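Structure at a glance
For reference, the chains in residue letters:
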Amino acid sequence: MKRHHLKLCLPLLILSLGSPRSGVALPAAQDETTGSEAVETTGPGSPQNHLAATVGDWDMMIRAWTSPNSEPQETRGSASSRWILGENFVETRLEGEVLGTAFEGLRIEGYDIAASKFVSTWRDSRGTYTLVFNGKCDATCGIRTMTANFTDPVSKTELSIKSVTTIIDEDSYRYESYIVTPSGTEIKNMEFDAVRKP
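Below, the structure is looked at part by part. (Residues numbered from 1 in each chain as written. Predicted model: local features only at pLDDT ≥ 70, side-chain atom pairs only at ≥ 80, totals over all residues. Heavy atoms only, no water.)

**Focus on the pattern of salt bridges**
- Summed over the entire model, instances satisfying the criterion amount to 13 salt bridges.
- With a closest N to O distance of 3.0 Å, arginine 63 and glutamate 74 form a salt bridge. Here arginine 63, found in strand 1 (residues 56-64), pairs with glutamate 74, found in strand 2 (residues 73-84); they are eleven residues apart in sequence, far enough to count as distant.
- Of the residues examined, arginine 63 reaches a relative accessible area of 17% and is grouped as buried.
- Put simply, glutamate 186 and lysine 162 hold a salt bridge, and the shortest N to O gap is 3.0 Å. A residue pair is termed long-range when its members are at least 10 positions apart, and glutamate 186 in strand 10 (residues 186-196) and lysine 162 in strand 8 (residues 158-169) qualify at 24 residues.
- We classify glutamate 186 as partly exposed; its relative accessible area is 42%.
- Judged by its relative accessible area of 19%, lysine 162 is buried.
- A single network of salt bridges, built from pairs that share partners, joins Arg63, Glu74, Arg174, Glu176, Lys188, Glu191 and Asp193. (Salt bridge = Lys/Arg side-chain N within 4 Å of Asp/Glu carboxyl O. Helix = DSSP H or I, 4+ residues; strand = E, 2+ residues; numbered from the N terminus. Buried < 20%, exposed > 50% of the residue type's maximum accessible area, 1.4 Å probe, protein only.)

Shown next, in the form of structure tokens:
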């Protein structure tokens, strides 16, 4: 049993040691950021720069909608985002108030070079779910669109969530969330406007 466990872990360890920030070089065939791909994922307008733009401490204006035609309820909050795990992922912790109750959220996001897509997880104090988002950015990597599937806790219906993160400038960005019904209708349910703290 231990031998099988070692065989499974060894390739993961080798891949980890050969990551771009580990300082240990792998042969070109195994290096996931060899050649032009390395430039595309780390240069200006790259996925890594898109993530870097959200790192820091932020004041948040939070808007939440309870129905498609309702006016949003506005509250304020704050967020802190930092690089983790060798600067391969960004962890964001958000605190505020949503619909009259205290709210905490935890997001971990990164760019999967092998799969050429962003991947993030979201958990918050309003439920026991874990949302797993996958998506891509536009040509300039200023706007990132991602989707996740989840089970509605009330109706038990399988639904989707679409999130859109727009980098406005180096000191502000916007996060928008939409519920996507089985028919494809998008219903905006939340929006965060982030402004970097002085």
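Read on for the rest.
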